[in-house]
Amino acid sequence: MFDISIVYLVVLAGTLCLAQDDGVFCDLPGGGRLRNGERSSDPCSPCLCFHGELQCVSAMCAGPECIDWRTEPGQCCPTCPNGPNCLLPGGGTVKPGESVVISGSRTCTCPVLTTGVPLARCRYPVVENH
């Protein structure tokens, strides 16, 4: 018979099991300690102490498709509050597929982003000699 005060109901990867608090602890990487069967409160990298072994998972985030990304409170992955964009030389942004002329003659275009650092590609006009 189990003493109800030392038995915890634990759900791990869809499997229901009983874990008894047997004095086993797990140390968290950032400090702190979990009892056997206890979960951490970090939503982006939750951990479970399972029979003295710390089991953690981490949120997998794709690289942001913008230069002005931010991670909102309570969120694990960065978001683009102004939508996808590229960084222009000297600052400023331009949306994918759009072009702007800077410094009077240089045309900068933001490529349609798939991966990588969102930087605008710039070129000077070709001058033909007659």
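In what follows, the accompanying structure is described. (Residues numbered from 1 in each chain as written. Predicted model: local features only at pLDDT ≥ 70, side-chain atom pairs only at ≥ 80, totals over all residues. Heavy atoms only, no water.)

1. As for the nonpolar core
Where we set the bar: Among buried residues, the Ala, Val, Leu, Ile, Met, Phe, Trp, Tyr and Cys ones that are joined through side-chain atoms within 4.5 Å form a nonpolar core. Under the scheme applied here, a residue whose accessible area is under 20% of the maximum for its type counts as buried, over 50% as exposed, and between as partly exposed, the area being computed with a 1.4 Å probe on protein chains only. Two residues form a contact once any of their heavy atoms are found within 4.5 Å.
Counting residues in hydrophobic clusters, the biggest one holds seven residues: Cys-86, Leu-88, Val-94, Ile-102, Cys-108, Cys-110 and Ala-120. Sequence-distant contacts of Cys-108, that is, excluding residues within four places in its chain, are made with Leu-88, Pro-89, Glu-98, Ser-99, Val-100, Ile-102, Ala-120, Arg-121 and Cys-122.

2. Looking at the sheet that holds strand E9 (residues 99-102)
The test is simple: Pairing between strands is defined by DSSP: at least two bridges between the two strands are required. Under the scheme used here, helices are H or I runs from DSSP no shorter than 4 residues and strands are E runs no shorter than 2 residues, and both carry numbers assigned from the N terminus. Axes here mean lines fitted to C-alpha atoms, for a helix over just the part in contact, with angles spanning 0 to 180 degrees between N-to-C directions.
Strands sit in the order E9-E10-E11 across an open sheet of three strands; the sheet is antiparallel. The two strands at the open ends of the sheet, each matched to only one other strand, are E9 and strand E11 (121-123). Between one strand axis and the next, the sheet turns through 25° on average, direction left out of account. With four bridges connecting them, E9 and strand E10 (residues 106-109) associate as antiparallel partners.

3. So, the state of the cysteines
Let me state the cut-off plainly: The definition used for a disulfide is geometric: two cysteine sulfur atoms within 2.5 Å.
A complete count under the given rule lists seven disulfides for this structure. Covalent S-S linkage joins Cys-86 and Cys-110, the inter-sulfur distance amounting to 2.1 Å. In this structure, the disulfide formed by Cys-86 and Cys-110 twists by about 65° around the S-S bond and is classed as right-handed. Placement of the pair is Cys-86 in strand E7 (residues 86-87) and Cys-110 in the loop between E10 and E11, with a sequence separation of 24 residues.

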